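Structure assessment
Read off the chains here:
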Amino acid sequence: MTPEQQSHKTRALCELAPVIPVLVVGDAGCAQGLATALVSGGLPVLEVTLRTPAALDVIRAMAQVPGGHVGAGTVLTPDDAKRARDAGASFAVSPGLTERLARACEDIGLPLLPGAATASEVMRAMELGYSMLKFFPAEAAGGAKSLRSLAGPLPQASFCPTGGVTLQNAPDYLALPNVVCVGGSWIAPDADVAAGDWAAIRGRAHAAAALR
Ligand code: 3PG
């Protein structure tokens, strides 16, 4: 799958809802309940970060939830991409981009949403064929103001800003011409996941889904 095809696919996923919940889940036993709460709350596209030993099992379990599209986040290496694809991830998200990672995703047919934060990083990603990018770390890299500035010289690039995005500042990003959706962990905080408070998470998903 060429980078152009990958971006076509990730763009279509990003268009499904205004927010992609970024999930750090330590217990695969939570996966089905959590994914069901998010999907039924109106957020069908989920990013499970590869930051816990349970992450691949979480992806495996969430991939069974009807109506969901489960991707792997924090994909840094070709091996991460292969393990994510084998666990059933339908896309991968990375905080950055390397040629090795791009080549691996091309080889295994896994759509990649690569990260970029500067004009040079965006230009390099576009040179490799990617036009749908994660703007990371969004708030620390200048927030909506910075991303708006990239729209002028680089209108071909579209973004999912992630990193410091909240229910309060998400509308600033979503109003930009180069933003398709945002990503964030605020929808499913650790405490609610650990407590299995799916009603609270579903409520937050619902509010996020109404952002657009
Ligand atoms: C991440 O990879 O951790 C995401 O950027 C989420 O950032 P957030 O916790 O600030 O939403």
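Preceding this section is the structure that the text describes.
Report on the accompanying structure. Bear in mind that the values here come from a model prediction, so they are computed numbers and not experimental data.

Time to look at the site of the ligand. Residues in close proximity to the ligand include Val22, Arg51, Lys134, Phe136, Thr162, Gly163, Gly164, Gly184 and Ser185, which together make up its full environment. In this structure, an oxygen atom belonging to the ligand sits 3.4 Å away from a main-chain N or O atom of glycine 163. In the environment of the ligand, an oxygen atom lies 2.7 Å from a nitrogen or oxygen atom belonging to the backbone of glycine 164. Coverage of the ligand by the protein chains reaches 76% of its 310 Å² of free accessible surface. In this structure, the ligand is accommodated by the largest pocket. A breakdown of the residues in the shell around the ligand according to their chemical character gives two nonpolar, five polar and two charged.

Bringing the pattern of salt bridges into the picture now. For the coordinates displayed, the defined rule picks out seven salt bridges. In this structure, aspartate 57 and arginine 60 form a salt bridge, with 2.4 Å as the shortest nitrogen-oxygen distance. Placement of the pair is aspartate 57 and arginine 60 together in helix α3 (residues 55–62), with a separation of three residues, close to one helical turn.

As a further point, take the packing of aromatic side chains. To describe a pair of aromatic rings, you give the distance between the ring centres and the angle between the ring planes. Under the criterion given, the structure shown has one aromatic pair. Centroid distance phenylalanine 135 to phenylalanine 159: 6.2 Å. Interplanar angle 80°. Geometry classified as edge-to-face. Of the two residues, phenylalanine 135 sits in strand β7 (residues 132–135) while phenylalanine 159 sits in strand β8 (residues 158–161), which places them 24 residues apart along the sequence. Pair check on accessibility: phenylalanine 135 and phenylalanine 159 agree, each one buried.

About the cut-offs
- Residues numbered from 1 in each chain as written.
- Predicted model: local features only at pLDDT ≥ 70, side-chain atom pairs only at ≥ 80, totals over all residues.
- Heavy atoms only, no water.
- Near = heavy atom within 4 Å.
- Polar contact = N/O pair within 3.5 Å; in protein donor to acceptor, adjacent residues only side chain to side chain.
- Areas by Shrake-Rupley, 256 points an atom, 1.4 Å probe, with all protein chains shown as cover.
- 1 Å grid on protein atoms, 1.4 Å probe; cavity = no way out; pocket = protein on both sides within 12 Å on 5 of 7 lines; lining within 4 Å.
- Sits in = over half its atoms within 2 Å of the grid points.
- Nonpolar A, V, L, I, M, F, W, Y, C, P; charged D, E, K, R; others polar.
- Salt bridge = Lys/Arg side-chain N within 4 Å of Asp/Glu carboxyl O.
- Helix = DSSP H or I, 4+ residues; strand = E, 2+ residues; numbered from the N terminus.
- Phe/Tyr/Trp six-rings, centres within 6.5 Å; stacked < 30°, edge-to-face > 60°.
- Buried < 20%, exposed > 50% of the residue type's maximum accessible area, 1.4 Å probe, protein only.

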